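What follows is each chain in one-letter form.
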Amino acid sequence: MDLILRLSDWLYLLLNGLAGRSWLLDTLISLPLDNNLVKAGPIGACFVYAWWSGGDEADTRRRRATLLVTVASLVFVMATTKIIADGFFQPRPFVHAQQAWHLEDGKLVETAKLAYREPLNGGVRNRYRALERGEIEQNDLGSFPSDHAGFFLALSLGIFLASRRAGALALAWTGAAILLPRIVTGMHSPLDIAAGAAIGAAMLLAIQFVARRTQQWALIPLAGWTLRHEALAAALLFFVAFESTNVLTNVRDLAGTGEAIVEHVAGS
Amino acid sequence: MRRPLLFALALALAGCGKLDQEAMVLTVEPGWTAEVAASEKDGFASPDGLLWADGSLYVADEGGSAVRAWRPGSRTTLLADSRAGLASPEDLVRDSAGNVYFTDDTRGGLWRTDTAGRTVALVAPTRGLPSTEGLGLSSSGDLVVGDATGHRVLKVKPDGTLSVLVGPEKNIAKPESFAFDESGNLYIADNRENVLYLLRLDGRLHRAVADRPGFSPESLLFSGGTLFITDSDNGKLFRYTPDDGLNVVAVFGGSLANIQGIAADEGGALYLSIQSDLKGRKGYILKLSPRAGRQSPSSP
């Protein structure tokens, strides 16, 4: 494990070394982190392409069944990364650059600082400046595993299973525009990204495997329903594509609001 | 395609087993060192309120339903526990005669353990105090008690006589902690509405810190002209002065995030209680010490 951590740190230092040298480069690297359209718009577009790209009706039905299972699996991927994040604490690389102590065998040990090159522009720079004033949310200190890596890798891989062409583009965009900038700007270490991606990929493949073997009786008719009700299916597809741009944040907010309403009604 | 993915997953899961940083303390303000002073191995369960007096740390051990004293380097001494009726001790003070007073947010009431080890209810829960929170001791020897249910701050004479210091009309939702400054003004932490109040000697109540995102005051300590504030919701230790406002001293993450009580020793070191797992009876007492050359927070 020490070797993996050292390798992760080495790769992080190499990639973070790109930051803080050029305002233009930092602005471009930060763009997918700060702008949902740039971050996930292309992935949503690939999803929609895969949805409509079947050669014949049977092929379209098969692709849509795969995409429907992919959407369902995203919920499990997010839940898994959150549960693991609650159990394992690894500070963000830019947090690691601060004076800190960590708990090791019941003792606080001063943490060796990790070098950090601050981007010259973008939201991460603002977050780093806020961190130096202590203005960071407690649950934002840790970064293991990366939920973005889990979510977008699962989504892109699901698209790839439905349509090789759209999926290859989605995977490439996920790697280059979503995950790489997170390492370059010090939001995540390569280990965070690798763990999140592995969780996303493994869960997606496992759920696809189970669904194909046990849920065909429901999936194919459901996909057939989307063909018979194209207008309504397209409207629902809009919600899926929209929500995929922000890692189910609105869905989670809605769930929180629903819970608060239930508590309010039950309490009154 | 599947083999590399499975390999990556195995690698990631293997890594999970040996991640060594289950928690961290980030010192935003330079000049502090951090250490674990004590943990449940030293005889605590899950500590809440803290008080330093005469070389000992007094601990409201909420997880263990007990009040204990601990002298650094030794095991804890039990002062009172559930056999005396304690359920969830919250905050505590000690008077000049050595009596220890404490509140209990589950059982309610105001309790006193004298130097002979006898524990009695100075104010019984049945006297309108079903849940008590913060506790303070004024220079005149009067106690101030936070009434979580009645949304009041009460003054209690040493003989148990009650009077209302701040009534519910002032909208203090949960008076969680108190600290007197050197002039006798009273700081009040409301950790339900996330407001730090200042009750001046002339009776005026002032909102010193309010409507600030990421701020929920838990415990207060006035030391060396500075008010130190723990924040369990946000895992932070703040310092506040009227001139400099509110500033972050340290941020706590992972299993150290639930920072509760605070006390300072004569050397200026801060003791902080951490409830890692209240039900699981796990917790820590951390010590933040000023580095050599740094002005002690309790120095005049």
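Computed from a predicted structure; not experimentally measured.

Attention shifts here to the overall build of chain A. The helix and strand tally for chain A stands at 11 helices and 2 strands. Element order for chain A, N to C, with α for helix and β for strand: α-α-α-α-β-β-α-α-α-α-α-α-α. In terms of overall size, chain A behaves like a compact globule, its C-alpha atoms giving a radius of gyration of 20 Å where 268 residues would be expected to give roughly 18 Å. Taken over 268 residues, chain A has a buried fraction of 49%. In chain A, the proportion of contacts linking residues at least 24 apart, taken out of those at least 6 apart, comes to 78%. Total accessible area on chain A is roughly 12700 Å²; 65% of this is exposed by carbon and sulfur atoms.

For the rest of this paragraph, the subject is the interface of chain A and chain B. Each side of the interface is counted separately: chain A has 39 residues, and chain B has 42 residues. Summing both partners gives a buried area of about 3400 Å² for chain A against chain B, and 68% of it is carried by carbon and sulfur. A per-residue breakdown of the area chain A buries against chain B is headed by Phe89, Trp101 and Leu103 of chain A, which together make up 21% of the total. Linking chain A to chain B there are 1 salt bridge. With a shortest N-O distance of 3.6 Å, Arg291 of chain B and Glu110 of chain A are connected by a salt bridge.

Another point: empty space enclosed by the protein. Residue and element names in this part refer to chain B. If you walk through the whole model with that rule in mind, you get 1 cavity of 30 Å³ or more. Here the largest cavity defines a volume of roughly 40 Å³. Around the largest cavity sit Asp48, Gly49, Glu90, Asp91, Glu176, Ser177, Glu218 and Ser219, which together line it. The residue inventory of the lining of the largest cavity, partitioned by class, reads no nonpolar, 3 polar and 5 charged.

A few words on the packing of aromatic side chains. All names here are of chain A. Inspection of the entire model under this criterion finds 12 aromatic pairs over all chains. With 6.5 Å between their ring centres and 20° between their planes, Phe47 and Trp51 make a pair best called stacked. One end of the pair, Phe47, and the other, Trp51, are both in helix H3 (residues 36–52), 4 residues apart, so they sit about a helical turn from each other. Taken as a pair, Phe47 and Trp51 share a single burial class, namely buried. A centroid spacing of 6.0 Å and a plane angle of 35° characterise the contact between Phe238 and Phe242, whose relative ring orientation is tilted. In this pair, Phe238 and Phe242 are both assigned in helix H10 (residues 230–244), 4 residues apart and thus about one turn of the helix distant. It is Arg64 that lies over the ring of Trp52; its NZ or CZ is 4.9 Å from the centre.

A word on the layout of surface pockets. For the largest pocket, the calculated volume is near 1400 Å³. What lines the largest pocket is a set of 42 residues, among which Lys82, Arg92, Asn139, Asp140 and Gly142 of chain A lie closest to the centre. Counted as a void, the second largest pocket has a volume near 650 Å³. If you go around the second largest pocket, you meet 25 residues; those closest to its centre are Leu51, Trp52, Val93, Leu221 and Phe222 of chain B. Here the lining of the second largest pocket gets 5 residues from one element, more than from any other, and that element is strand S19 (residues 219–223) of chain B. Among the residues making up the lining of the second largest pocket, the classes are represented as 17 nonpolar, 6 polar and 2 charged.

A surface patch of nonpolar side chains, amounting to about 500 Å² of accessible area, comprises Trp23, Leu24, Leu28, Leu31 and Leu120 of chain A. Looking at the secondary structure, you find Trp23 of chain A in helix H2 (residues 23–34).

An ideal rise of 1.5 Å per residue puts 22 Å on 16 residues; helix H6 (residues 147–162) of chain A measures up with 23 Å between its terminal C-alpha atoms. Looking at where H6 of chain A begins, the residue whose side-chain oxygen comes 3.4 Å from the main-chain nitrogen of His148 of chain A is Ser146 of chain A.

Residues and elements named next belong to chain A. In this chain, Phe144 is followed by Pro145 through a cis amide linkage whose omega measures -10°. With respect to the secondary-structure elements, Pro145 resides in the loop between helix H5 (123–132) and H6. Even without being a glycine, Asp105 presents a positive backbone phi close to 55°. With respect to the element layout, Asp105 can be found in the loop between strand S1 (100–104) and strand S2 (107–110). Using a relative accessible area of 73% as the deciding quantity, one classes Asp105 as exposed.

Moving on: the side chain of Arg64 of chain A. Residue and element names in this part refer to chain A. The residue Arg64 is located in helix H4 (residues 57–87) in this model. Assessed through its relative accessible area of 1%, Arg64 is described here as buried. Each residue touching Arg64, except ones within four places of it in the same chain, is listed here: Trp51, Trp52, Ala223, Thr226, Leu227 and Glu230.

With that settled, consider the environment of Phe228 of chain B. Residues and elements named next belong to chain B. When you line up the elements, Phe228 lands in strand S20 (residues 226–231). Look at Phe228 and you get buried, because its relative accessible area is 0%. Separated by 144 residues in sequence, Phe228 and Ala84 place their C-alpha atoms 32 Å apart.

Rules of the game
- Residues numbered from 1 in each chain as written.
- Chains lettered and ligands numbered in written order.
- Predicted model: local features only at pLDDT ≥ 70, side-chain atom pairs only at ≥ 80, totals over all residues.
- Heavy atoms only, no water.
- Helix = DSSP H or I, 4+ residues; strand = E, 2+ residues; numbered from the N terminus.
- Rg over C-alpha atoms; globule rule 2.2 N^0.38 Å.
- Buried < 20%, exposed > 50% of the residue type's maximum accessible area, 1.4 Å probe, protein only.
- Contact = heavy atoms within 4.5 Å.
- Areas by Shrake-Rupley, 256 points an atom, 1.4 Å probe, with all protein chains shown as cover.
- Buried area = accessible area lost by both parts, 1.4 Å probe.
- Salt bridge = Lys/Arg side-chain N within 4 Å of Asp/Glu carboxyl O.
- 1 Å grid on protein atoms, 1.4 Å probe; cavity = no way out; pocket = protein on both sides within 12 Å on 5 of 7 lines; lining within 4 Å.
- Points joined across faces, edges and corners; volume = space filled by probe spheres on them.
- Nonpolar A, V, L, I, M, F, W, Y, C, P; charged D, E, K, R; others polar.
- Phe/Tyr/Trp six-rings, centres within 6.5 Å; stacked < 30°, edge-to-face > 60°.
- Lys NZ or Arg CZ within 6 Å of the ring centre and 35° of its normal.
- Patch = residues over 30% accessible without salt bridge, like charges linked within 9 Å, V, L, I, M, F, W, Y side chains within 5 Å.
- Expected span 1.5 Å × (residues − 1).
- Polar contact = N/O pair within 3.5 Å; in protein donor to acceptor, adjacent residues only side chain to side chain.

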